[in-house]
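Structural characterization, general
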Amino acid sequence: MLNLVLFGPPGAGKGTQSEKLIEKYKLVHLSTGDLLRSQIAAGTELGLKAKSLMDQGILVPDEVVIGMIDSKLNENQAAAGFIFDGFPRTVPQAEALDVLLSQYNTAITTMVALVVEEEELTKRLLLRGQTSGRPDDQNESLIRRRVTEYNEKTMPVAGYYEQQGKYVAINGIGEIEAIFGQICDAIEAAAQ
Ligand code: B4P
């Protein structure tokens, strides 16, 4: 079973590369950002709480996203594997994911980290904000807040997987196809 964590700051290309990876490897895509946005669109209580945090560029509480992932794993027990996109974003989320996967006798295979510096991230997200309608892509100070949140709370997750020998860093700047090729090479090398 191939279970991939696609890691990186906001705008690094996680969603973009996930779409290509699910097609190639027939994996189930679990994006906590997408799951939260669908709760917001459905107007659920969870969505209302998440929206006020997401609109400020702040992470939603661990127990909320862990609960969402738990139910998605349960719904997809026949999957060939998973891409975790935007999850885990804190060390407690990473620890909880290990426990959840162990219940299905599986584990994370590889974490692929897309490395992109802040100026490029800001440029990409402001560009996406012109068409995405996402409130969190609309202004530079909010994007910087998301990057700060990433640096403070999410970066330590890389060390968590590095200690397990599962961390691979890829340069996230360049042609989307070229980056995709490097990710596939990393996944296949790790599977050998
Ligand atoms: P997410 O939805 O995960 O959003 P994101 O970090 O902005 O990344 P995304 O995947 O959308 O962008 P991508 O890099 O593909 O999170 C949103 C919010 O939800 C968080 O701030 C938080 O509040 C909350 N949340 C989500 N998960 C959570 C969790 N686990 N715990 C707590 N809170 C959580 O692409 C960005 C742009 O770059 C696109 O326009 C794309 O076209 C472009 N791009 C991609 N690759 C490129 C390349 N190589 N060159 C040029 N442009 C490129």
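From a predicted model like this one, the values you see are computed outputs, not experimental measurements.

Quick word on the confidence of the model for the protein
With 100% of its residues at a pLDDT of 70 or more, the protein has an overall mean of 96. Across the whole predicted complex the pTM is 0.94, and at the interface the ipTM reaches 0.87.

Regarding the UniProt feature "binding site: AMP" (unreviewed entry) in the protein
Using the residue numbers shown here, the UniProt feature "binding site: AMP" (unreviewed entry) corresponds to T32, R37, I58, L59, V60, G86, F87, P88, R89, Q93, R134 and R146. Taken along the chain, the residues just named run across 115 residues; in space they spread out, the farthest C-alpha pair reaching 24.4 Å. Exposure remark for F87: the 26 C-beta atoms within 10 Å place this residue in the buried category. Sequence-distant contacts of F87, that is, excluding residues within four places in its chain, are made with L30, T32, V65, I69 and Q93.

Some remarks on the site of the ligand
The full set close to the ligand counts 28 residues, and G13, G15, T32, G33 and G86 are the nearest of them. Where the shell around the ligand is concerned, the elements lending two or more residues are α1 (14-25), α2 (32-42), α3 (45-54), α6 (118-132) and α9 (176-191). Partitioned by chemical class, the residues of the shell around the ligand number twelve nonpolar, ten polar and six charged.

Examining the UniProt feature "binding site: ATP" (unreviewed entry) in the protein
Under the UniProt annotation, "binding site: ATP" (unreviewed entry) lies at G11, A12, G13, K14, G15, T16, R128 and G174. Owing to 17 C-beta atoms within 10 Å, T16 belongs among the partly exposed residues under this scheme. If you trace the backbone, R128 turns up in helix α6.

Quick word on α1
Spanning twelve residues, α1 covers 16 Å between terminal C-alpha atoms, matching the ideal 16 Å at 1.5 Å per step. Those residues of α1 not exposed but buried are K14, Q17, S18 and L21. For α1, the angular spread of buried residues about the axis comes to 110°, placing them on one side. K26 lies just past α1 and shows a positive phi near 55°.

Considerations on unusual backbone geometry
The step from F87 to P88 runs through a cis peptide bond, and the omega angle for that step is -5°. Locating P88 in the fold gives a position in the loop between β3 (81-85) and α5 (91-102). For K26, which is not a glycine, the phi torsion comes out positive at approximately 55°. On the basis of neighbour count, K26 is assigned to the exposed category, with 11 C-beta atoms found within 10 Å. At N105, a position not held by glycine, the phi torsion is positive, near 55°. Counting through the fold element by element, N105 comes out in the loop between α5 and β4 (110-115).

As for the packing of helix α4 (residues 62-75) against α5
Contact pair α4 / α5: the axes reach a minimum separation of 10 Å and the direction vectors enclose 25°. When the axes of α4 and α5 are compared, the pair comes out roughly parallel. Between α4 and α5 the crossing geometry is right-handed. When α4 is examined against α5, the residues D62, V65, I66, I69, D70 and L73 are found in contact with a partner set consisting of P92, Q93, A96, L97 and L100.

Reading the values: the criteria
- Residues numbered from 1 in each chain as written.
- Predicted model: local features only at pLDDT ≥ 70, side-chain atom pairs only at ≥ 80, totals over all residues.
- pLDDT = per-residue confidence, 0-100.
- UniProt positions renumbered as here; feature names shortened; annotations may be inferred.
- Buried ≥ 20, exposed ≤ 12 C-beta atoms within 10 Å, placed from the backbone.
- Contact = placed C-beta atoms within 7 Å.
- Near = placed C-beta within 6 Å.
- Helix = DSSP H or I, 4+ residues; strand = E, 2+ residues; numbered from the N terminus.
- Nonpolar A, V, L, I, M, F, W, Y, C, P; charged D, E, K, R; others polar.
- Expected span 1.5 Å × (residues − 1).
- Arc of directions from axis to C-beta.
- Axes fitted to C-alpha atoms, helices over the stretch in contact; angles between N-to-C directions.
- Parallel < 35°, antiparallel > 145°, perpendicular 65-115°, else oblique.
- Left-handed = near helix turned anticlockwise from the far one by under 90°.

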